[in-house]
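Here are the chains, one letter per residue:
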2 protein chains.
Amino acid sequence: MSKCEQCIVKQFNSLKSLTKEELVRISGCKTSKTIKKGEVIFEEGDIVNGVFCIKDGICKLSKLSANGKDQIVKLVVKGDLLGQRSLVTEETANLSAVALNDMEVCFIPKSEIISDLSKNANFSMDVLKDMANDLRQADDIIVNMAQKSVRQRLAETLVYLYESFGTNPDKTLSVILSREDYANIVGTAVESAIRVLSQFKKQGLISTSGKKIKIENLEGLKRVE
Amino acid sequence: MSKCEQCIVKQFNSLKSLTKEELVRISGCKTSKTIKKGEVIFEEGDIVNGVFCIKDGICKLSKLSANGKDQIVKLVVKGDLLGQRSLVTEETANLSAVALNDMEVCFIPKSEIISDLSKNANFSMDVLKDMANDLRQADDIIVNMAQKSVRQRLAETLVYLYESFGTNPDKTLSVILSREDYANIVGTAVESAIRVLSQFKKQGLISTSGKKIKIENLEGLKRVE
DNA sequence: CATAAAATATGATATTTATCATGTTTTAAG
DNA sequence: CTTAAAACATGATAAATATCATATTTTATG
């Protein structure tokens, strides 16, 4: 099993502030897991009891609403820590996490890492910063949901995926989502999401082939009203 | 000037975890302020550089969207700490804070309290918990915005105001908001908010007299579809 | 590779919400 | 108390989005 001390992934999240000794101890109690596309990592109401360090892959954090639709709140990717809230609260998970492609993750039990949160001020400050950042992002999404059209939100989602997660060699978005996922990010009906994507195609803003989407006119997308 | 050590308001927020000595020091550098209804506490883009402890009153945290509408993201009330994010990030404020009625607040400079965040683990854990809680709430609002109708969101807002902030002796909601504020919480046009409130009146769910709103049928409001 | 199931696509229509217009009521200032 | 401004209210209409129906394409699986 690989060691946390040597893992480069940790550079991208709060674990980077743990000391050598702390990392060695955590390395000894972590479990590595492979998670297949579509698999549930945890669900709303689950007791999570630890954090997942994402070594590879992407998952969605979503919440089921009363009308049966899943609202995607955040995408969590390689390098991120998943389930930081569980370290801090005694509550059950508020969101579900589902793999969008095959993933490699390490699970660190809460019992092992919780003490570092109070002993290592750098680490707790990092977690605080991360949470503050998530909070700002969430506030921004609230504003977008409330004030922007489906067209705008979908255009912004495509821009976000392009700028945050990049493209494959063939220039298509490296994050591959179903039309339903797009609808669940934007907060609209699947048919509406499909319709808007079709419009974008007709306008030459994107091109598609199956689930693959290529951004053809980034500036145009940014200007969508 | 009153002293933090003896202030009961701090019991309701993270400041309760500061030691006697820390409180005495902070008491010496805080500034008490009276803020009039409608006054701006800070604006998007401002450098906040400290936290406000709300001794009395209510304010709204909102963000201006591109179309010129203000989206209210959160209400901050007596007992809460305002501006916790500023302690953690170097960024400027992401939201504006505006008093909804006359307020009494104490301002604690970041420079004085930041060191406590790394020295006092109880305090930083409290701030973390608070932030985790804000994050959960924000995620829930995203889901509501995306999946619920204006009617439902407005009904839920009324229930929230009733259950979180209570009523005056005459049974009207103690938080008094303009129709525009309601629209800006729900994320709809002012006319739409007014129309829905009128419907609720006709259905006997609420009654109004000017800005005062009385919940007449709480269960009915909770069942609004 | 055949076939069923799932995902994508598009039209027709209904519903929700926004916008514009205009009148009424409430509030604040002198 | 008067008066102007702001807030509230409501109708008419337009625009955005959801829903339902149905066809086509893609994907998964034996």
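Note that the structure is a prediction, hence the values are computed from the model and not measured.

Chemist: Can you help me understand the protein's contact with DNA strand C in this one?
Modeler: In the neighbourhood of DNA strand C, 17 residues make up the surrounding shell, with A:Arg179, A:Ser198, B:Thr188, B:Ser192 and B:Arg195 lying closest. Of what DNA strand C places within 4 Å of the protein, 58% of the atoms are sugar or phosphate. At 2.9 Å from a phosphate oxygen of DNA strand C is found a side-chain nitrogen or oxygen belonging to A:Arg179. Here a phosphate oxygen of DNA strand C and a backbone polar atom of B:Val150 are 2.9 Å apart. For the surface near DNA strand C, the element with the most residues is helix H7 (residues 190-202) of chain A, which contributes five residues. Classifying every residue of the surface near DNA strand C gives three nonpolar, five polar and nine charged.

Chemist: Hey, could you run me through the protein's contact with DNA strand D in this one?
Modeler: Taken together, 17 residues lie around DNA strand D, and A:Thr188, A:Ser192, A:Arg195, B:Arg179 and B:Ser198 are the ones closest in. In DNA strand D, atoms within 4 Å of the protein come 56% from sugar and phosphate. Between a phosphate oxygen of DNA strand D and a main-chain N or O atom of A:Val150, the distance comes to 2.9 Å. At 2.8 Å, a side-chain N or O of B:Arg179 approaches a phosphate oxygen of DNA strand D. Take the surface near DNA strand D: its biggest share by element is five residues, from helix H7 (residues 190-202) of chain B. Looking at the surface near DNA strand D, its residues break down into three nonpolar, five polar and nine charged.

Chemist: What exactly am I supposed to notice about the sheet that holds strand S5 (residues 70-77) of chain B here?
Modeler: In a beta sheet, neighbouring strands are held together by backbone hydrogen bonds and run either parallel or antiparallel to one another. Residue and element names in this part refer to chain B. Judged by pairing direction, the sheet is antiparallel, and its four strands sit side by side in the order S2-S7-S4-S5 without closing on themselves. Of all strands in the sheet, those bounded by a partner on one side alone are strand S2 (40-42) and S5. Direction aside, neighbouring strands of the sheet carry axes that sit 30° apart on average. In terms of strand pairing, strand S4 (residues 58-64) meets S5 through seven bridges, oriented antiparallel. Within S5, the residue paired with Lys-63 across the bridge is Gln-71.

Chemist: How should the environment of A:Thr188 be read in this particular structure?
Modeler: Residue and element names in this part refer to chain A. With respect to the element layout, Thr-188 can be found in the loop between helix H6 (179-186) and H7. A C-alpha to C-alpha distance of 9.3 Å links Thr-188 and Gln-71, two positions 117 residues apart in sequence. For Thr-188, the residues in contact, after removing those within four places along its chain, are Lys-69, Val-150, Ala-183 and Ala-193.

Chemist: I keep staring at the UniProt feature "domain: HTH crp-type" (unreviewed entry) in chain A and nothing clicks. Help me out?
Modeler: UniProt tags residues 148-219 of chain A as "domain: HTH crp-type" (unreviewed entry). Here residues 148-219 of chain A is 54% helix and 11% strand, with 18 Å between the C-alpha atoms at its ends.

Chemist: Help me understand the sheet that holds strand S2 (residues 40-42) of chain A, please; the structure alone is not making it clear to me.
Modeler: Residue and element names in this part refer to chain A. The four strands are arranged S2-S7-S4-S5 in an open sheet whose pairing can be described as antiparallel. Edge strands, defined here as strands with exactly one partner in the open sheet, are S2 and strand S5 (70-77). Geometrically, the sheet is characterised by an average inter-axis angle of 30° between neighbouring strands, direction not taken into account. Pairing between S2 and strand S7 (residues 96-99): two bridges, direction antiparallel. Within S7, the position partnered with Phe-42 by the bridge is Ala-97. Each of strand S4 (58-64) and S5 is contacted by H6, which is oriented at about 100° to S5, the strand it contacts most.

Chemist: Honestly, the nonpolar core in this entry has me stumped. Any pointers?
Modeler: Side chains that are nonpolar tend, in soluble globular proteins, to be buried together. Ranked by size, the top nonpolar core spans 90 residues in total, and within it A:Ile41, A:Phe42, A:Leu82, B:Ile41, B:Phe42 and B:Leu82 carry the most contacts. It is helix H4 (residues 121-147) of chain B that contributes the most residues to this core, 12 residues altogether. Every residue in contact with A:Ile41, bar those within four places of it in the chain, is listed here: A:Ile35, A:Phe52, A:Cys59, A:Leu82, A:Ala97, A:Ala99 and A:Met103.

Chemist: Honestly, a negative patch on the surface in this entry has me stumped. Any pointers?
Modeler: Residue and element names in this part refer to chain A. On the surface, Glu-39, Asp-56, Asp-102 and Glu-104 cluster together into a negatively charged patch. Along the chain, Glu-104 turns up in strand S8 (residues 103-109). According to the relative accessible area criterion, Glu-104 is partly exposed, its value standing at 30%.

Chemist: Which parts of the structure should I look at to understand the interface of chain A and chain B?
Modeler: Of the residues lining the interface, 39 residues belong to chain A; the matching set on chain B comes to 39 residues. Buried surface at the junction of chain A and chain B, summed over both partners, amounts to about 3,600 Å²; 70% is from carbon and sulfur atoms. Along the contact surface separating chain A from chain B lie four salt bridges. Between A:Asp140 and B:Lys63 there is a salt bridge, with the nearest N and O atoms lying 2.7 Å from each other. For the pair chain A and chain B, the number of links is 12 residue pairs in polar contact (both at pLDDT 80 or more). For the side of chain A that touches chain B, the elements supplying multiple residues, two or more each, are S5, helix H2 (84-88), helix H3 (110-119) and helix H4 (121-147) of chain A. Examining the composition of the side of chain A that touches chain B, we find that 21 residues originate from one element, H4(A), more than from any other.

Chemist: Which parts of the structure should I look at to understand the relation of the copies chain A and chain B?
Modeler: The two chain copies are connected by a rotation around an axis plus a translation along it. Each copy superposes on the other: chain A lies on chain B with an RMSD of 0.0 Å after a rotation of 180° and an axial shift of 0.0 Å. Here the symmetry operator amounts to a two-fold rotation axis. Comparing contact sets, 100% of the residues at the interface of chain A also lie at the interface in chain B, consistent with an isologous, same-surface contact.

Chemist: How do you make sense of the pattern of salt bridges when you look at a structure like this?
Modeler: Close approach of charged atoms allows side chains of opposite charge to pair. Within the structure shown, the criterion is met by 28 salt bridges over all chains. For A:Asp116, the salt bridge is made with A:Arg25, and the minimal N-O distance between the two is 2.6 Å. Here A:Asp116, found in helix H3, pairs with A:Arg25, found in helix H1 (residues 20-29); they are 91 residues apart in sequence, far enough to count as distant. Under the relative-accessibility criterion, A:Asp116 is labelled buried at 2%. One salt bridge in this structure joins B:Lys212 and B:Asp170, with 3.6 Å as the shortest N-O distance. One end of the pair, B:Lys212, is in strand S10 (residues 212-215); the other, B:Asp170, is in the loop between helix H5 (150-165) and helix H6 (179-186), with 42 residues separating them in the sequence. Connected through salt bridges with shared partners, the residues A:Lys63, A:Arg85, A:Glu91, B:Arg136 and B:Asp140 form a single ionic network.

Cut-offs applied
Residues numbered from 1 in each chain as written. Chains lettered and ligands numbered in written order. Predicted model: local features only at pLDDT ≥ 70, side-chain atom pairs only at ≥ 80, totals over all residues. Heavy atoms only, no water. Near = heavy atom within 4 Å. Polar contact = N/O pair within 3.5 Å; in protein donor to acceptor, adjacent residues only side chain to side chain. Helix = DSSP H or I, 4+ residues; strand = E, 2+ residues; numbered from the N terminus. Nonpolar A, V, L, I, M, F, W, Y, C, P; charged D, E, K, R; others polar. Pairing = 2+ DSSP bridges. Axes fitted to C-alpha atoms, helices over the stretch in contact; angles between N-to-C directions. Contact = heavy atoms within 4.5 Å. UniProt positions renumbered as here; feature names shortened; annotations may be inferred. Core = buried A, V, L, I, M, F, W, Y, C linked by side-chain atoms within 4.5 Å. Buried < 20%, exposed > 50% of the residue type's maximum accessible area, 1.4 Å probe, protein only. Patch = residues over 30% accessible without salt bridge, like charges linked within 9 Å, V, L, I, M, F, W, Y side chains within 5 Å. Areas by Shrake-Rupley, 256 points an atom, 1.4 Å probe, with all protein chains shown as cover. Salt bridge = Lys/Arg side-chain N within 4 Å of Asp/Glu carboxyl O. Lys, Arg positive; Asp, Glu negative; His and termini not counted. Charge placed at Lys NZ, Arg CZ, Asp CG, Glu CD. Buried area = accessible area lost by both parts, 1.4 Å probe. Least-squares fit on C-alpha atoms with pLDDT ≥ 70 in both.

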